[in-house]
Amino acid sequence: MNVLARIAGPHRTDAAPLIIRRVDAIPVALPLKAPMKMAAETITAAQNLVVRIEAADGTVGWGEAASAPTMTGDTQGGLVAAVRDHLAPLIVGQDARAWETLRKSLHRALAGNGGAHSAVEMALLDLVGRVTGQRLIDLIAKPRRKAVKPMWLLGNPTIEADVAEAHAKQKQGFDLFKLKIGVKPLAKEITIAHAVREALPDTPLCADANCGLTLAAAKTYVEKTRKARLMFVEQPLAHDDIEGLKKLAKSTKVPIGIDEGIHSLADIGVSARAGAGGVSLKLIKLGGISAAVEAGKICQRLGLSVNIAAKIAESSISSAAALHLACAVPKADWGVSLTHFYLAEDIVKRPLPLANGMVALPDGPGLGIDVDERAVERFRVR
Ligand SMILES: [Mg+2]
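Residues numbered from 1 in each chain as written. Predicted model: local features only at pLDDT ≥ 70, side-chain atom pairs only at ≥ 80, totals over all residues. Heavy atoms only, no water.

**Structural notes on the packing of aromatic side chains**
Across all of its chains, the model carries 4 aromatic pairs by this definition. For the ring pair Phe 232 and Trp 334, a centre distance of 3.9 Å and an interplane angle of 10° mean the geometry is stacked. Of this pair, Phe 232 sits in strand 8 (residues 230-234) while Trp 334 sits in the loop between helix 13 (316-328) and strand 12 (336-337), placing them 102 residues apart in sequence. Trp 334 carries the same exposure label as Phe 232, and that label is buried. By way of ring pairs, the aromatic residues Trp 152, Phe 174, Phe 341 and Tyr 342 are connected into one cluster. The ring of Trp 152 carries Lys 169 above its face, with NZ or CZ at 4.2 Å from the centroid. (Phe/Tyr/Trp six-rings, centres within 6.5 Å; stacked < 30°, edge-to-face > 60°. Helix = DSSP H or I, 4+ residues; strand = E, 2+ residues; numbered from the N terminus. Buried < 20%, exposed > 50% of the residue type's maximum accessible area, 1.4 Å probe, protein only. Lys NZ or Arg CZ within 6 Å of the ring centre and 35° of its normal.)

Dropping the structure here:
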């Protein structure tokens, strides 16, 4: 770490401005190792936006956002257009060191579009960190931890495949698993929960229905999987079914998590009042890492558990940002989903590694990863 650069920092008023000379919104399609089947979509390649911000001195910062038609409504074309046509023209020629002011003016200029805002803020912070020698986390919050325990998602067509994958991933060091439910017949999903519990007697397990269950099915699932000791069941009902959430939460001791239902800081309070036990925070839903850090504080005040997640699947660019966030929030007791593990190929030179069951916060400046520009070009959607 460059100590002098760290002291100079971004807040020194006499620091030379870091003028943004170019912003690129690059659509990429990143192939997954295996298709991921969820209640409303099956993903074989991640259709993401990569943002590249170049300063006048040639330094480059990177950001990323996954398209998420069934979650944020962001399509890949929409993400590209939001950055290229609306956000980029507002920041070219501006001083990236004023990223907080820029971030606020961008949100005033373009409502919604959480993924686009998140990718731009990420790239600005990466750029500023690289120039000042600071890690991204040091620009946004006081670090609270140095590493996180990632979870592995299980969503195979058969029970046997889920059990085999759970064993294999546990050998690699994963020690927290999430079952993707709301896809198969309910009885089969209940059987899978018990089979995976039997295979991994002491490992924390949870389930995520991605809005795929009715209230009656959700009640049956939580009741009949009690012996599988699920840590929580995420988004069993439709994203806006607050009345259903109230009824379900009242009927069970199993904590109910909310993911698709969180699109703003205000939604966190709504979910808590309806009986949710915790929430999943994603950068694309909240519009960037500053808002997500704030969300983490709100969850702490409301006594909610927190899962930090990237969307299926984001490269090590977004995974690094999620990692900085997970190390910055008061708690991430419901685990961290870093989804670059699901990609057949990453777009950074050294994908974030799993070591002893943990992923460590990189100590390099900015996001702490090195983007492989040739890989970005190889996966660019033309
Ligand atoms: Mg989820």
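**Regarding the pairing of strand 7 (residues 205-208)**
In strand 7, alternate side chains face the same way, and those of Leu 205 and Ala 207 on one face and Cys 206 and Asp 208 on the other are all buried. One ladder, built from 4 bridges, connects strand 6 (residues 177-180) with strand 7; its direction is parallel. Within strand 7, the residue paired with Lys 180 across the bridge is Asp 208. In terms of handedness, the path from strand 6 via helix 7 (residues 186-199) over to strand 7 forms a crossover that is right-handed. Viewed along the sheet, the connection from strand 7 through helix 8 (residues 215-224) into strand 8 turns out right-handed. (Pairing = 2+ DSSP bridges. Right-handed = clockwise from strand over helix to strand, strands pointing away.)

**Here we look at the coordination of the magnesium ion**
At the metal site, the magnesium ion is ligated by Asp 208 (OD), Glu 234 (OE) and Asp 259 (OD), and these contacts range over 2.0 to 2.2 Å. Coordination of the magnesium ion draws on donor residues from a single chain, spaced D-x25-E-x24-D in sequence. Placement of the pair is Asp 208 in strand 7 and Asp 259 in the loop between strand 9 (256-258) and helix 10 (265-273), with a sequence separation of 51 residues. Taken individually, Asp 208 and Asp 259 each receive the classification buried, so the pair is uniform in this respect. (Donors = N, O, S within 2.8 Å, 3.2 Å for Na, K, Ca; no water.)

**What to know about the pattern of salt bridges**
The full count for this structure, using the stated rule, is 21 salt bridges. Between Arg 130 and Asp 126 there is a salt bridge, and its shortest N-O distance comes to 3.1 Å. With Arg 130 and Asp 126 both in helix 4 (residues 114-132) and 4 residues apart, the pair spans about one turn of that helix. We classify Arg 130 as partly exposed; its relative accessible area is 25%. In this structure, Arg 135 engages Asp 138 in a salt bridge whose closest nitrogen and oxygen atoms are separated by 2.9 Å. The class for Asp 138 is partly exposed, based on a relative accessible area of 23%. Through salt bridges with shared partners, a single network forms among Arg 21, Arg 52, Glu 54 and Glu 373. (Salt bridge = Lys/Arg side-chain N within 4 Å of Asp/Glu carboxyl O.)

**Looking at the packing of helix 10 against helix 12 (residues 289-302)**
Look at helix 10 against helix 12: their axes get within 9 Å of each other, and the N-to-C directions meet at 20°. Relative to helix 12, the element helix 10 is oriented roughly parallel. For helix 10 against helix 12, the interelement crossing comes out right-handed. Contact residues: helix 10 offers Leu 265, Ile 268, Gly 269 and Ala 272, while helix 12 offers Ala 291, Glu 294, Ala 295, Ile 298, Cys 299 and Leu 302. The class makeup of the residues in the contact of helix 10 with helix 12 is 8 nonpolar, 1 polar and 1 charged. (Axes fitted to C-alpha atoms, helices over the stretch in contact; angles between N-to-C directions. Parallel < 35°, antiparallel > 145°, perpendicular 65-115°, else oblique. Left-handed = near helix turned anticlockwise from the far one by under 90°. Contact = heavy atoms within 4.5 Å. Nonpolar A, V, L, I, M, F, W, Y, C, P; charged D, E, K, R; others polar.)

**Re helix 13**
In this model helix 13 runs 18 Å from its N-terminal to its C-terminal C-alpha over 13 residues, within 8% of the 18 Å that 1.5 Å per residue would give. Buried residues dominate helix 13, accounting for 13 of its 13 residues. (Expected span 1.5 Å × (residues − 1).)

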